[in-house]
Amino acid sequence: MNQPENNPKKRKDLKDLIDAIEDKTYSSNNNPKNQDSVNRGQDDPDLDFEASIQETQNNLDDSQTSAENKLLKNQESNEDSRNREPKNSDLNIHSEQIISKSERFVQMVEVLQKYHAFKGMTPVKLRMILEDLGPTYVKLGQIMSSRSDILDPVYCKELEKLRSNAEPMDEETVREIIKQTYGKEPEELFLEFDMKPIGAASMAQVHKAKTKDGSDVVVKIQRPNIYAQMEVDVDILKKASGLVDLNKTISSIVNLNDVLDEFWNTAKQEMDFRHEAMNAEKFASNYKGIRFIMCPKIYDEFTRKHVLVMQNIEGVQIDDYEALNQLGYSREEIAMKLADNYIDQVADKGYFHADPHSGNIRIWDGKICWLDFGMMGSITPGEASLINQALNAIVSGDHVRLTDAVLAIGIHTREVDYVAFSNQLEDFMQRYLSSSLDDIDVTQVVNDMIKICHTNGIMLPRNITMLLRSLVTIEGTMKDLDPEVNILTIVKKRSQVITGEQVEKQFRDLLVRWSRSANQAADIPMEVADLLRMMRKGQFRMNLKLTDANTMMPDVNKMVDRIVVCVLIAALLMGSSVICTTNLKPTFLDIPLLGFAGFFLSFCLSVWLFIKMLFRGRKNSIF
């Protein structure tokens, strides 16, 4: 990792600035002075640090006192919790120190300056910045890569390349973590424990081990202080979003505030290994009777918040095609079964693997083995039914059913024009249905669908966005295995095969609908009687909502205003004509001056109105 340049003077200036703002977040809504500072930052991409420091000089003493008080409180809190594992905290390991907010912010600004982020952003530049900023931002970028509904697909594609490799922890740190977690040394817990990790990432590393009964396992150990450091980073990000307007850099690509909460919730879940253990056990329970699907066994007696022990899966990684061919596996069969299982996860179980890239899938003992259950997605039975409806509508070319399904799934940020939206989806389907399903690019289909939804003010829920991203990932994995396999083709085949279980479910749903219809039909006479009674008493009211009324009102206002001007002109002409028949003094050109003024004013208004009407199509004004 490249380190930013070390400029002592600039670092001191930045630290002074952060000390002043660390506990006093600027608010552009409540403090106009701070808004002026933000605007100056926009005008100067390189940021005038001396002006910022001068502007916050009056707050230095109070902020420093507040920071010192917070430090004392944190030290007391750490002392009280030394002998227990508090909620949402790290282990008390001091081999890796937590960087303070001021130091961390200095690092962030230096990295942004190093890549000239304030002068413009490119996909590669954004990825390199996130990699340099460390695990928090790598994880944030990985989450952003799945949000193609708010992030340009070009950036999503580049952020998928993010990797979080890191230097492994030393043996002393590993031993201390295990001792604090279990109260025992690794040799007391396991028959064998390899201190050399088989993999190390920014959040955790993995060691091979053997239990007392001889089972081969892997031990996933979380790095110390990772939670606290991420919490610092997230807090800085939330404050920075109010301090500095990043519209010319980050915000022009993605709304940072939209993903911060999602990122932090996801990161907290992934840092609690008990959550991953529960996900793996639920997945294993869903496919307990399927012979060709498996996942690692979780050893609950060893699993803790910061340590996860699971079965060691050897096998062959699914993208090791040479090894698969040597072992006699059919890549076409693997691709077909993988696709069928994934569709089953989504459509039937409503619980799917949200990160199905090739590194998380292995072939072992003739079975497809899923790994890494830190990120799982779930959908309700209603959502699963709507997704089935949407997929079947796509493969059958029914744009009306597709429109209804998408409108039911999505979140409407504004009123949706049903006709326009339906027409766009019809054009969308026509572009792809002219080709065979085998030739359709699923990635392009998903991106086009998201773009149409975004254009019409329809936001997709997080779990649906996660599903679409994983759909694109699994499609790429299958295409690498066998270019002839297409997930849409498999969806169509599944829709044509009706199993006994599906018949039973459809029959049960039909009975439920009949029962509801019967209950509603029984209420019809009573509701009609209530309606007639309200009409007889004059209490009947009807709410009428005109489609696109807000759009039509400006045109209506223009028309009414012009009618008013025409009536005024007519009134002036008639009034002036009547005045001219009198001997009212004074006169001008032998006619009363007041009548002449009325004629002249009506003439000017007529010419003005004529010109405005003649050029009304060129300007969008009231007249």
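These lines cover the structure that appears in this document, whether it is placed above or below. (Residues numbered from 1 in each chain as written. Predicted model: local features only at pLDDT ≥ 70, side-chain atom pairs only at ≥ 80, totals over all residues. Heavy atoms only, no water.)

**Regarding the overall build of the protein chain**
Helix and strand counts for the protein chain stand at 25 helices and 15 strands. When the 623 residues of the protein chain are sorted by exposure, 42% land in the buried category. Within the protein chain, residue pairs in contact and separated by at least 24 positions form 69% of the contacts whose partners lie at least 6 positions apart. Accessible area of the protein chain: about 35100 Å², with a carbon and sulfur share of 53%. (Helix = DSSP H or I, 4+ residues; strand = E, 2+ residues; numbered from the N terminus. Buried < 20%, exposed > 50% of the residue type's maximum accessible area, 1.4 Å probe, protein only. Contact = heavy atoms within 4.5 Å. Areas by Shrake-Rupley, 256 points an atom, 1.4 Å probe, with all protein chains shown as cover.)

**Looking at the packing of helix α16 (residues 381–396) against helix α17 (residues 399–409)**
Viewed as axis vectors pointing N to C, α16 and α17 meet at an angle of 150 degrees, and their least axial separation amounts to 8 Å. The orientation of α16 with respect to α17, classified from their angle, is roughly antiparallel. Crossing geometry of α16 relative to α17 is assigned as left-handed. Contacts between α16 and α17 involve Leu-386, Ile-387, Gln-389, Ala-390, Asn-392, Ala-393 and Ile-394 from the former and Arg-401, Leu-402, Asp-404, Ala-405, Ala-408 and Ile-409 from the latter. Broken down by class, the residue content of the contact of α16 with α17 amounts to 9 nonpolar, 2 polar and 2 charged. (Axes fitted to C-alpha atoms, helices over the stretch in contact; angles between N-to-C directions. Parallel < 35°, antiparallel > 145°, perpendicular 65-115°, else oblique. Left-handed = near helix turned anticlockwise from the far one by under 90°. Nonpolar A, V, L, I, M, F, W, Y, C, P; charged D, E, K, R; others polar.)

**Things to note about the packing of aromatic side chains**
Here the structure, examined in full by the defined rule, presents 7 aromatic pairs. With a centroid separation of 6.5 Å and 75 degrees between ring planes, the pair formed by Tyr-182 and Phe-302 is classed as edge-to-face. Of this pair, Tyr-182 sits in helix α9 (residues 171–182) while Phe-302 sits in the loop between β5 (293–294) and β6 (307–311), placing them 120 residues apart in sequence. With respect to class, Tyr-182 is no different from Phe-302; both count as buried. When the centroid spacing of 5.2 Å and the interplanar angle of 50 degrees are considered together, the rings of Phe-283 and Phe-373 count as tilted. On the criterion of sequence distance, the pair formed by Phe-283 in helix α13 (residues 273–286) and Phe-373 in the loop between β10 (367–370) and β11 (376–378) is long-range, its members being 90 residues apart. If you follow Lys-337 out to its NZ or CZ, it ends over the ring of Phe-292, 5.1 Å from the centre. (Phe/Tyr/Trp six-rings, centres within 6.5 Å; stacked < 30°, edge-to-face > 60°. Lys NZ or Arg CZ within 6 Å of the ring centre and 35° of its normal.)

**What to know about the packing of helix α19 (residues 442–455) against helix α20 (residues 462–481)**
As a packed pair, α19 and α20 sit with axes 9 Å apart at the nearest point and diverge in direction by 165 degrees. What the angle tells us is that α19 and α20 run roughly antiparallel. In this structure, α19 crosses over α20, and the sense of that crossing is left-handed. Residues Val-442, Thr-443, Val-446 and Ile-450 of α19 touch α20, and the partners they reach there are Leu-468, Leu-471, Val-472 and Glu-475. Broken down by class, the residue content of the contact of α19 with α20 amounts to 6 nonpolar, 1 polar and 1 charged.

**Here's the deal with a nonpolar patch on the surface**
Side chains of Ile-524, Val-528, Leu-531, Leu-532, Met-534, Met-535, Phe-540 and Met-542 sit close together on the surface and give an oily, nonpolar patch of about 750 Å² of accessible area. Positionally, Met-542 belongs in the loop between α23 (524–536) and α24 (549–580). Take Met-542: its relative accessible area is 64%, and that puts it in the exposed class. (Patch = residues over 30% accessible without salt bridge, like charges linked within 9 Å, V, L, I, M, F, W, Y side chains within 5 Å. Salt bridge = Lys/Arg side-chain N within 4 Å of Asp/Glu carboxyl O.)

**A few points about the pairing of strand β3 (residues 204–210)**
Where a strand is regular, its side chains alternate between the two sheet faces. In this sheet, β3 lies alongside strand β1 (residues 192–193) in antiparallel orientation, the contact comprising 2 bridges. Bridge pairing in β3 places Glu-192 opposite Lys-210. Relative to β3, strand β2 (residues 199–200) is paired through 2 bridges, and the arrangement is antiparallel. Residue Ala-200 lies in a different strand from β3, and its bridge partner there is Gln-205. If you look at the hairpin formed by β2 and β3, you'll find 3 residues sitting between the two strands. Looking at chain direction, β3 and strand β4 (residues 216–222) are connected through 7 bridges and run antiparallel. Counted as the bridge partner of Gln-205 is Ile-221 from β4. Joining the antiparallel neighbours β3 and β4 is a turn of 5 residues, in which Gly-214 adopts a positive phi near 90 degrees. (Pairing = 2+ DSSP bridges.)

**Quick look at the pattern of salt bridges**
If you walk through the whole model with that rule in mind, you get 17 salt bridges. The partner of Glu-185 in a salt bridge is Arg-175, with the nearest N and O atoms 3.4 Å apart. Taken together, the residues Glu-185 in the loop between α9 and α10 (186–189) and Arg-175 in helix α9 connect sequence positions 10 residues apart. By relative accessible area, which is 24% here, Glu-185 ends up partly exposed. Taking the shortest distance from any N to any O, the salt bridge between Lys-179 and Glu-185 comes out at 4.0 Å. Residue Lys-179 is classed as partly exposed on the basis of its relative accessible area of 48%. A network of salt bridges, in which partner residues are shared, links Glu-171, Arg-175, Lys-179, Glu-185 and Glu-187.

**Observations concerning the sheet that holds strand β9 (residues 361–364)**
Ordered in space as β5-β10-β9-β7, the 4 strands form an open sheet in which the pairing is mixed. The open sheet terminates on both sides in strands that have one partner only, identified here as β5 and β7 (316–317). Alignment of β9 against β10, held across 4 bridges, turns out to be antiparallel. For Ile-361, the partnering residue across the bridge sits in β10 and is Trp-370.

**Structural notes on unusual backbone geometry**
Across the junction of Lys-585 and Pro-586, the peptide omega takes the value -5 degrees, indicating a cis bond. Within the fold, Pro-586 resides in the loop between α24 and β14 (587–588). Backbone geometry places Asn-225, a non-glycine residue, at a positive phi of 65 degrees. If you trace the backbone, Asn-225 turns up in the loop between β4 and α11 (226–243). The phi torsion at Asp-372 lies on the positive side, around 60 degrees, for a residue other than glycine. Checked against the element boundaries, Asp-372 lands in the loop between β10 and β11. Under the relative-accessibility criterion, Asp-372 is labelled partly exposed at 35%.

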